[in-house]
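Fold and geometry: a report
Here's the letter readout for the chains.
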Amino acid sequence: MRSWVVVLVACGQMASLGCDKEEAKPTEGAMAAASAAASSSAKAESKPPEESNTGPIKVGILHSLSGTMAISETSLKDVALMTIEEINAKGGVLGRKLEPVVVDPASNWPLFAEKARELLQKDKVSVVFGCWTSVSRKSVLPVFEELNGLLFYPVQYEGEESSYDVFYTGAAPNQQAIPAVEYLMSEKGGGAKRFVLLGTDYVYPRTTNKILRYFLHSKGVVDADIQEEYTPFGHSDYQTIVANVKKFASGKRTAVISTINGDSNVPFYKELGNQGLKAQDVPVVAFSVGEEELRGIDTKPLVGHLAAWNYFMSIDTPENKEFIAEWRSYVKAHNLTDGDKRVTNDPMEATYIGIHMWAQAVLQAGTTDVNAVRQAAGYQVFRSPSGFDISLDAKNHHLHKPVFIGEVQANGQFKVVWKTEGPIRAQAWSPFIPESAKKVADWTYPWVCGNCTEPKYASPVSVASAAKH
Amino acid sequence: MTGSRSQVASSGRLACLAAALLLVLPSLAHAATGPFELALSGLSEPSPEAVTRAAEVIAKTEDARALGLLEALLDGDVVASEAGRVYLRDKAGALHDAATGAPSGGEACHEPPVDNGVRRVLGALIVQLQLRDPDSRVRLAAVESLAKTGNADDASALRAAATRERDHSVQRAITVALAELDLASDDPGRRIVAINAIEAAGSTSLRSKLQAMVSQSDDGSHAEADPGVRAAAERALRTLDRKQFLIDRAADILYGLSTGSILLLTALGLAITFGQMGVINMAHGEMLMLGAYATYVTQLFFRAHASQHTSLYIFVAIPVALLTTMAVGAILERTVIRFLYGRPLETLLATWGLSLLLIQTVRSIFGAQNVAVENPSWLSGGTELFEGVVLPYNRIAVVGFTVIVVSFVAYVLRGTSLGLQARAVMQNRPMAACMGIPTSRIDTWTFALGSGVGGLGGVALSQLGNVGPELGQSYIVDSFLVVVFGGVGKLVGTVFAAFSLGIMNKLLEPIAGAVLGKIVVLLTVVLVIQKRPQGLFASRVRGMEAG
């Protein structure tokens with residue numbers, strides 16, 4: 001009953017946002033009306049105003065602190081505040097302190113857009129760190145594009161997107177999903193010949209599985225050896241699905257690729273264990289199960305199953321030890337709930353890297369002006385807790401990231417069983433999907449476009465070569 | 001990928017290194033006697049490859065202790081010290097020397113690095129050792145697991161086992177396992193014999209192999225060249241398909257019963273508060289959640305104060321959950337709901353508010369994170385009913401628990417004076433009051449009973465899924481559905497509706513998938529309610545709204 005109400009509200013919001021776009025810039029009034037929260041201060045401005053160069057720099061943090069996503073997103077808010085505290089302790093940026101502005105979009109996708117507008121127009125923040133689910137990112141995207149804002153998005157996602165106003169510090173599919181499948185197909189990973197693609201029914205699993213299916217085809221796996229299944233949100237009855245996986249696995253070596261969303265994972269792994277499917281026979285590799293998700297559950301049925309990420313808390317580098325120590329002391333100093341049980345995970349590392357990269361870009365640009373910072377952000381390099389020099393790609397706005405595959409241990413941590421030699425470049429548009437393979441994400445001259453098949457500006461070189469033919 | 005290639009190369013190097021180490025190490029080991037003791041020290045190596053080598057050498061010794069050691073290694077119950085001593089951990093957590101059985105001296109130990117690669121090798125080694133086990137049941141299980149994996153490398157082990165096997169049932173199992181391997185033989189006669197053996201044994205797991213034999217490629221050529229063999233395979237396939245179909249439907253119905261029993265447990269309390277009393281109780285899901293948290297707290301208490309009986313916590317959790325949720329239900333009824341009788345819209349809003357209040361309270365006390373409720377060890381695992389169909393113990397337990405709870409509720413409503421009075425109040429409140437029944441006290445008791453039964457449902461849910469503040473939210477819609485579908489006010493209707501929805505869902509899921517299956521079920525319910533607005537079992541009671 002309640003979900004109907006939410007759907008109705010969401011539809012209404014979508015409609016009003018859609019109107020804004022079509023009617024374009026002139027009708028500022030309609031835009032302001034669409035965002036009740038910001039209407040009082042909404043002025044006809046198309047970019048954040050010039051700030052005084054002396055006061056603190058305002059930084060927006062847009063993570064759900066209530067509702068279903070609060071479990072995951074609260075840690076990102078905490079680690080963002082920790083990073084800001086760390087930067088301030090070293091004197092801030094450009095001699096100015098950072099001042100976090102924390103808002104709570106309450107796991108409500110249309111509210112994400114409203115809060116983003118509030119941050120950009122009312123609080124006039126220089127940058128926003130936030131969002132978790134793909135649907136929340138899609139919700140705020142038009143706002144950032146309209147108001148020329150800057151968003152750092154820290155979570156692994158399905159790709160097929162590149163926005164001028166967003167820097168993606170989480171993994172694209174080729175930095176998580178594809179290496180994981182390659183590992184499963186390798187000798188060490190068990191040489192899987194058959195694949196079950198199992199996911200919760202929404203945009204991220206559907207898109208990821210679409211890419212994986214094309215990828216498996218390119219590796220010679222036929223459709224008969226791929227089983228794709230989806231379950232509703234919050235599904236808890238995996239009897240039939242696990243029985244099917246078992247039947248499917250009786251012919252050839254099989255692996256399960258799980259994009260099952262948070263809460264459904266426990267019933268799924270419990271059913272696997274109880275029906276006698278062991279990790280060494282049918283390994284499950286998950287893309288949404290990390291240290292934070294393992295914290296609230298009985299890990300016994302999961303031991304030996306796999307997860308692919310760009311960071312694990314168990315990675316043994318001096319940088320990571322320092323990161324964890326900093327996190328521990330922050331949790332202690334601020335007396336956060338669950339105290340010493342708190343862990344670090346991949347999106348937290350991505351948030352940490354993102355904030356540092358932005359601060360470096362501000363230093364380089366010498367101003368917090370969004371256009372200048374965006375230009376400076378490309379090619380920033382930062383030594384990440386995972387122990388690699390991570391760089392931010394100026395062309396597609398994604399990070400170059402290393403990939404790790406870990407086995408779940410009984411203590412809720414991961415043991416790394418495979419990793420790439422170094423960071424790999426993100427592919428915003430998957431080369432395995434025919435219609436995406438043609439698209440290019442390149443925000444440098446002459447392309448200056450996130451999803452084009454040809455450059456926006458004809459470069460002298462290409463004009464010359466065209467004349468030759 | 002260059003990364004993976006160099007990984008392989010480096011692991012190859014590591015394996016060589018490990019092999020070299022393995023040759024050197026035994027000579028360093030102290031006071032080693034037999035080959036088993038010599039091989040043991042390899043387990044203290046830091047790399048998975050070295051542990052694999054050591055396990056292979058240990059299996060080759062065919063020592064009587066090898067099987068137990070490797071099984072313990074697979075279960076993570078082996079630790080090794082720097083000096084190369086290896087200890088087994090028994091159930092109580094004490095360490096014993098793997099070679100001598102003497103207790104550990106308390107030196108610093110680490111767990112050997114066992115990953116999936118090592119586990120796969122260990123699984124194969126264990127099966128081969130089990131084939132030599134004196135117990136025929138162990139041998140049978142080993143043959144069956146070999147047949148399931150169907151690896152050609154195991155053929156020699158099986159043939160060797162066949163020659164020395166004396167037990168009849170084990171021999172038969174070996175025949176089938178070998179028949180599977182013979183399907184790939186060059187001699188058509190042998191292939192036909194193998195197919196006949198498979199058909200006679202009815203092993204449905206081999207269907208995919210037979211299917212591959214009769215399949216035709218695009219250019220019209222058959223995978224199996226010999227027409228005689230093909231005919232035999234097709235005949236065998238038909239037999240097996242019939243058997244598989246029956247097994248699948250039987251499994252669907254069993255799974256449906258299990259799903260239905262969960263629906264019933266979650267809806268039963270609502271059948272009392274909503275069905276009997278007419279309170280649109282949006283806070284019912286939170287009673288499930290409180291029951292689950294009561295289970296969690298009981299488990300914590302047992303861990304802290306009676307750790308040796310931890311696996312029995314569930315029996316204490318049942319009354320704890322029942323009493324806690326009954327108390328909460330009684331308080332809610334006394335303070336809020338009694339003032340709203342006969343005003344369904346206000347009840348709906350008030351109980352929704354209560355549900356949010358309860359969720360936030362629990363979140364403040366226990367945190368927004370899910371909490372871990374462990375299955376007691378005797379509820380983990382499952383039993384294989386027939387080929388490929390495993391019924392997990394926790395699901396069987398939930399079905400049994402449902403039967404007990406339904407009987408309990410039926411008894412309270414039918415066989416006690418509270419039930420009699422409750423039914424009297426619900427059917428005709430003024431008349432019941434005239435007869436001297438304290439209607440408002442009965443209301444409290446009935447609401448408390450409904451809440452308590454919800455709490456019992458929560459105990460069951462805690463064994464199957466997550467326990468978090470929002471646990472009840474995912475069940476409230478289904479609960480209302482079951483009660484309305486079955487017919488408001490009829491307990492037997494609720495039971496019938498729960499099981500028919502459960503079984504329908506499970507019969508549809510293999511055909512339509514989980515998402516579409518659920519939609520079809522909902523549509524069916526809508527259609528049935530259109531035809532029969534009172535639900536499946538119409539209540540013949542007058543004056544329900546009175547009072």
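Remember, it's a predicted structure, so these values are computed and weren't measured experimentally.

**A word on the overall build of chain A**
Check the secondary structure of chain A and you find 15 helices and 16 strands. Within chain A, the proportion of its 469 residues that are buried is 53%. Pairs at least 24 residues apart make up 68% of the contacts formed inside chain A by residues separated by at least 6 positions.

**Notes on the sheet that holds strand 2 (residues 98-103) of chain A**
Pairing between the strands of a sheet comes from backbone hydrogen bonds, and it takes one of two forms, parallel or antiparallel. All names here are of chain A. Reading across the sheet, the five strands line up as 2-1-3-4-5 and stay open at both edges, with parallel pairing between neighbours. Looking at strand neighbours, the two that pair on one side only are strand 2 and strand 5 (166-168), the edges of this open sheet. Sheet twist, expressed as the mean angle between neighbouring strand axes with direction ignored, is 25°. The pairing of strand 1 (residues 57-62) with strand 2 spans six bridges and is classified as parallel. Bridged to Val59 within strand 2 is Pro100. Its contacts with the sheet place helix 4 (residues 109-122) against strand 1, strand 2 and strand 3 (127-130), and it is angled at close to 175° to strand 1. Packed onto the sheet, helix 12 (residues 346-365) meets strand 3, strand 4 (151-153) and strand 5 and runs at close to 170° relative to strand 3.

**Focus: unusual backbone geometry**
Residue and element names in this part refer to chain A. Cis geometry is found at the peptide bond from Tyr445 to Pro446, where omega equals 5°. Structurally, the position occupied by Pro446 is in the loop between strand 15 (440-442) and strand 16 (449-452). Unlike most non-glycine residues, Cys131 shows phi in positive territory, near 75°. Take Cys131: it is sitting in the loop between strand 3 and helix 5 (134-147). Taking the number of C-beta atoms within 10 Å as the measure of exposure, Cys131 has 31 and is therefore buried.

**As for the interface of chain A and chain B**
Of the residues lining the interface, 50 residues belong to chain A; the matching set on chain B comes to 50 residues. Put simply, the parts of the chain that give the side of chain A that touches chain B at least two residues each are helix 3 (70-89), strand 7 (226-231), helix 8 (239-248), helix 9 (265-274) and strand 14 (414-419) of chain A. The greatest single-element share of the side of chain A that touches chain B, amounting to seven residues, is contributed by helix 8 of chain A. For the side of chain A that touches chain B, the class distribution of residues is 13 nonpolar, 21 polar and 16 charged.

**What to know about the packing of helix 11 (residues 227-276) of chain B against helix 20 (residues 491-512) of chain B**
Residue and element names in this part refer to chain B. Here helix 11 crosses helix 20 at 145°, and the two axes come no closer than 7 Å. Crossing of helix 11 against helix 20: the hand is right-handed. When its residues are assigned to classes, the contact of helix 11 with helix 20 shows 16 nonpolar, seven polar and two charged.

**Overview of the domain arrangement of chain B**
What the domain assignment lists for chain B is domain 1 (30-130), domain 2 (131-225) and domain 3 (247-531). Here the C-alpha centroids of domain 1 of chain B and domain 3 of chain B sit 47 Å apart.

**Some remarks on the nonpolar core**
Ranked by size, the top nonpolar core spans 77 residues in total, and within it Leu264, Ala267, Leu268, Ala292 and Ala498 of chain B carry the most contacts. Val59, Leu98, Leu120 and Trp132 of chain A belong to the second largest nonpolar core, which has 70 residues in total.

**Focus on the sheet that holds strand 4 (residues 109-110) of chain B**
Residues and elements named next belong to chain B. Within the open sheet, the four strands sit side by side as 3-2-1-4. Their pairing is antiparallel. Because the sheet does not close on itself, it has two edges, and the strands there are strand 3 (95-97) and strand 4. Inspection of the sheet shows strand 1 (residues 78-81) paired to strand 4 by two bridges, in the antiparallel sense. Considered in strand 4, the bridge of Ser81 is made with Cys109.

**Notes on the pairing of strand 1 of chain B**
In terms of strand pairing, strand 1 of chain B meets strand 2 (residues 86-89) of chain B through three bridges, oriented antiparallel. Bridging from a neighbouring strand, Val78 of chain B pairs with Leu88 of chain B of strand 2 of chain B.

Rules used in this analysis
Residue numbers run consecutively from 1 along every chain, following the written order of its sequence. Naming scheme: in the order in which they are written, chains are lettered from A and ligands are numbered from 1. Note on the predicted model: pLDDT of at least 70 is required for a residue's local features to be given, and 80 or more for side-chain atom pairs to be given and counted; whole-chain, interface and lining totals, by contrast, use all residues. Numbering of helices and strands starts at the N terminus; helices are DSSP runs of H or I of at least 4 residues and strands are runs of E of at least 2. Exposure classification rests on a simple neighbour count of other C-beta atoms within 10 Å of a residue's own: a residue reaching 20 or more is buried, one at 12 or fewer is exposed, and one in between is partly exposed. C-beta atoms are placed from the backbone. Residues are defined as contacting one another if the C-beta atoms placed from their backbone atoms lie within 7 Å. For two strands to be treated as a pair, DSSP must find at least two bridges joining them. Comment: axis = line fitted to C-alpha atoms, over the contacting stretch for helices; angle = value between 0 and 180 degrees taken between N-to-C directions. Charged means Asp, Glu, Lys or Arg here, nonpolar means Ala, Val, Leu, Ile, Met, Phe, Trp, Tyr, Cys or Pro, and polar covers whatever is left, Gly included. The sense of a crossing depends on the near helix, which, turned anticlockwise from the far helix by less than a right angle, makes the crossing left-handed and, turned clockwise, makes it right-handed. Note: domain ranges come from an automatic or database domain assignment. In these notes, a nonpolar core means any group of buried Ala, Val, Leu, Ile, Met, Phe, Trp, Tyr and Cys residues linked to one another through C-beta atoms within 7 Å.

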